[in-house]
Amino acid sequence: MKSPYLQGWFARLDNTFEKAQAAAKEDKELEAFLASYLVVLISGAYEECIEHLLGERAGKSRDEEVHNFIQVTLDRTFRNPRFDRIVLVLRAFSDSYAEELERKIDSKAREAINSIVTNRHAVSHGKKLTVTVTLRDVQDYHTRSLPIFEALEEILG
């Protein structure tokens, strides 16, 4: 990642994974709770990172009112960073941005980010108190999602 903002978020997530894995070594119930927490945290971090990248892109217009409008609108409307929602937001900027992201991102990365959001919904909407994935699964989803952010940095750069 080139963006210090994204580097900071992803370093915090990596640190949280390490602490969660150390805490849950022998306790499967604790692991389930921590995995639930992490899918919520990661989903929120992804929203923040995507909004940040789009806000940075909007700032290149050097029009403060346009930049503010885009930031406020994204903050109010962009939720659940599923791959199709990211493409939809990019398409609002430019069809070529959306098409480039779709070309660059394979099905494994798409499935991974969608799994994070699906599991977050299961927890945050009360369908489950804990998700049925392990910390290792969540970390794998996160790792496989990273190419999306690398591509976004490149496309919006």
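Residues numbered from 1 in each chain as written. Predicted model: local features only at pLDDT ≥ 70, side-chain atom pairs only at ≥ 80, totals over all residues. Heavy atoms only, no water.

As a further point, take the overall build of the protein chain. Across its full length, the protein chain carries seven helices and zero strands. Dimensions of the protein chain, computed from the C-alpha atoms along their principal axes, are close to 55 × 30 × 30 Å. Looking at the protein chain residue by residue over its 157 residues, the buried ones come to 44%. Taking the intrachain contacts of the protein chain between residues at least 6 apart in sequence as the baseline, contacts between residues at least 24 apart amount to 75%. Summed over its atoms, the accessible surface of the protein chain is roughly 8,700 Å², and 50% of this surface lies on carbon and sulfur atoms. (Helix = DSSP H or I, 4+ residues; strand = E, 2+ residues; numbered from the N terminus. Buried < 20%, exposed > 50% of the residue type's maximum accessible area, 1.4 Å probe, protein only. Contact = heavy atoms within 4.5 Å. Areas by Shrake-Rupley, 256 points an atom, 1.4 Å probe, with all protein chains shown as cover.)

With that settled, consider the environment of E51. Of note, E51 is situated in helix α2 (residues 28–59). Taking the C-alpha atoms as reference points, E51 and A20, 31 residues apart in sequence, are found 27 Å from one another. Among all residues touching E51, those that are not within four sequence positions of it are Q71, L74, D75, F78 and R79.

The full count for this structure, using the stated rule, is three aromatic pairs. Ring centres of F10 and Y46 lie 6.3 Å apart, and the angle between their planes is 80 degrees; on these two criteria the pair is classed as edge-to-face. Here F10 is found in helix α1 (residues 4–23), whereas its partner Y46 is found in helix α2, with 36 residues between them in sequence. The class of F10 is buried, set by a relative accessible area of 6%. (Phe/Tyr/Trp six-rings, centres within 6.5 Å; stacked < 30°, edge-to-face > 60°.)

What follows is about the packing of α2 against helix α6 (residues 107–124). For the pair α2 and α6, interaxial distance at closest approach is 8 Å and the crossing angle is 120 degrees. The angle between α2 and α6 falls in the class oblique. Here the hand of the crossing between α2 and α6 comes out left-handed. In contact with S36, V39, V40, I42, S43 and Y46 of α2, α6 contributes I113, I116, V117, N119, R120 and V123. Looking at the contact of α2 with α6 residue by residue, the class counts come to eight nonpolar, three polar and one charged. (Axes fitted to C-alpha atoms, helices over the stretch in contact; angles between N-to-C directions. Parallel < 35°, antiparallel > 145°, perpendicular 65-115°, else oblique. Left-handed = near helix turned anticlockwise from the far one by under 90°. Nonpolar A, V, L, I, M, F, W, Y, C, P; charged D, E, K, R; others polar.)

With that settled, consider the side chain of N114. Tracing the backbone shows N114 in helix α6. The exposure class assigned to N114 is buried, which follows from its relative accessible area of 17%. Not counting the four nearest positions on each side in its chain, N114 is found in contact with R82 and F83.

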